[in-house]
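A look at the structure
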Amino acid sequence: MKKHIAVVSGDGIGPDIVREALKVLFAVGAKFGHTFTTSSYLAGGAALDAVGIPLPEETLDGCRNSDSVLLGAVGGPKWDTLASNLRPEKALLGLRGGLGLFCNLRPAILYKQLSDACPLKAEIIGEGLDLMVVRELTGGIYFGERGRTDDAAFDTMAYTVGEIERIVRKAFEIAQKRSKRLCSVDKANILNTSQLWREVVKRVQGDYPDVEVSHLYVDNAAMQLVRNPRQFDVIVTENMFGDILSDEASQITGSIGMLPSASLREDSYGMYEPIHGSAPDIAGKDLANPIATILSVAMMLRYSFGLQAEADCIESAVSKVLDNGYRTADIHTPGMKKIGTNDMGSLIAQSL
Ligand SMILES: NC(=O)C1=CN([C@@H]2O[C@H](COP(=O)(O)OP(=O)(O)OC[C@H]3O[C@@H](n4cnc5c(N)ncnc54)[C@H](O)[C@@H]3O)[C@@H](O)[C@H]2O)C=CC1
Ligand SMILES: CC(C)CC(=O)C(=O)O
Ligand SMILES: [Mg+2]
């Protein structure tokens, strides 16, 4: 198979982790006889520094004309004082919105080798954690009307039935292939958008009678995630709630450096990125955990290219390296071998 991938490394640890993910992508290509080619594009602070805007047209076009996108992360203190339409994070929203990637899958899996890195008590975590956060990605408050004067500011959360229905249907389909349990998270005791969200879930539910549905308010869901995370299998929620809850879920897996994501539209095209940000505190220091980005490559192979065995091979290689006791600093526990970003990527590539 031949595929062309747009690579957007971005800022902070973005280049560190994408470099390791590409090592693994090319190694898996060589092992299975696929040709993966790449083109690099600027976005975020890197683009601001080079051309004065966070998302150059060339980047969006390059991504559109590729088979999929691999993204690191954007943002950092250097650009924090810029007006909101010029901030690096605008590039991320521009890519997600511009490419129509409404469906964000964020699997939170606690590898058994990392149970000591999980901050929850053993009796809470039991046999482990394997949940899927299905997050709406192109609507809600990150995309609504916004404004700012010297002494006031507003952001708007807006959703249409169509935007809710398409993500909710995706979540039902995913639940059908897993444990057939779906929890919809909203704030329907306050927000109009959440009341509409809940109405849509209840109507659409009729088409998936085999799926058991529950509803939680987001404040309770945040609490339940640490009280009893194993009650969840698939969570579906709007953009900002999904952003926050997936960072929370990631900590249960040991580190935010473990969680990959896929951002999809109706066809097989997708953008793949770790759920974390650009971690400016550890950028360029060989400290970042590249596993989330490497597992994002596995998601790319599975969801965009239909390469199941290749995706499984990457996930097994990650597991093997953890089995052998290698840990980056964020998941390190006593008795384990502490290694850097570069060695972690190389070991995973060699273990394919
Ligand atoms: N997708 C993206 O591009 C995102 C970008 N951001 C941006 O990133 C910048 C930093 O944001 P923060 O809130 O600090 O979130 P962050 O996710 O970058 O970092 C939070 C904490 O987790 C650690 N961390 C993150 N990824 C790690 C990894 N792979 N290995 C080890 N440790 C890791 C960091 O060192 C930090 O202590 C901001 O400019 C923010 O806007 C934030 C979230 C998503
Ligand atoms: C940087 C934000 C726009 C988004 C975010 O935190 C995320 O998608 O995880
Ligand atoms: Mg986030």
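Provided above is the structure to which this section pertains.
Residues numbered from 1 in each chain as written. Chains lettered and ligands numbered in written order. Predicted model: local features only at pLDDT ≥ 70, side-chain atom pairs only at ≥ 80, totals over all residues.

1. Concerning the site of ligand 1
The test is simple: Near, as applied to residues and a molecule or strand, means the residue's backbone-placed C-beta atom lies within 6 Å of it. Polar here means any residue other than Ala, Val, Leu, Ile, Met, Phe, Trp, Tyr, Cys and Pro, which are nonpolar, and Asp, Glu, Lys and Arg, which are charged; Gly is therefore polar.
Around ligand 1 lies a shell of 23 residues, among which Gly75, Gly257, His276, Gly277 and Asn289 are the nearest. Looking at the shell around ligand 1 residue by residue, the classes come out as 11 nonpolar, 8 polar and 4 charged.

2. Examining the sheet that holds strand β5 (residues 130–136)
Where strands meet in a sheet, backbone hydrogen bonds hold them as pairs that are either parallel or antiparallel. Cut-off, in case you're wondering: When DSSP finds at least two bridges between two strands, those strands are taken to pair. Here a helix means four or more residues in a row that DSSP labels H or I, a strand means two or more in a row labelled E, and each is numbered from the N terminus. Axis geometry follows a simple rule: fit a line to the C-alpha atoms, using only the stretch in contact for helices, then measure angles between N-to-C directions, giving values from 0 to 180 degrees. Here the contact rule is simple: place C-beta atoms from the backbone, and any two residues whose C-beta atoms are within 7 Å are in contact.
Reading across from one edge, β2-β1-β3-β12-β11-β4-β5-β10-β8-β9 is the order of the 10 strands in this open sheet, with mixed pairing throughout. Across the chains shown, the open sheet's two edge strands, defined by having one partner strand only, are β2 (35–40) and β9 (212–217). Direction aside, neighbouring strands of the sheet carry axes that sit 25° apart on average. Where strand β4 (residues 103–109) and β5 come together, 7 bridges link them in antiparallel fashion. Within β5, the position partnered with Leu105 by the bridge is Val134. Along the sheet face, helix α8 (residues 218–227) touches β8 (181–186) and β9 and points at about 105° away from the line of β9.

3. A short note on unusual backbone geometry
Using the following cut-off: Any residue surrounded by 20 or more other C-beta atoms within 10 Å of its C-beta is treated as buried, while 12 or fewer makes it exposed and the intermediate range makes it partly exposed; C-beta atoms here are placed from the backbone.
In the Ramachandran plot, Ala279 falls in the positive-phi region, its phi being about 35° despite a non-glycine side chain. Within the secondary structure, Ala279 is located in the loop between β12 (270–274) and α10 (291–304). Residue class for Ala279 comes out buried when judged on the 24 C-beta atoms lying within 10 Å of it. Here the phi dihedral of Asp286 falls at roughly 60°; this positive angle occurs in a residue that is not glycine. Position of Asp286 relative to the elements: it lies in the loop between β12 and α10.

4. Some thoughts on the environment of Val234
Within the secondary structure, Val234 is located in strand β10 (residues 234–237). It is 9.9 Å that separates the C-alpha atoms of Val234 and Val213, two residues lying 21 residues apart in sequence. Excluding residues within four positions of it along the chain, Val234 makes contact with Met132, Val134, Ala171, Ile174, Ala175, Arg178, Arg181 and Leu182.

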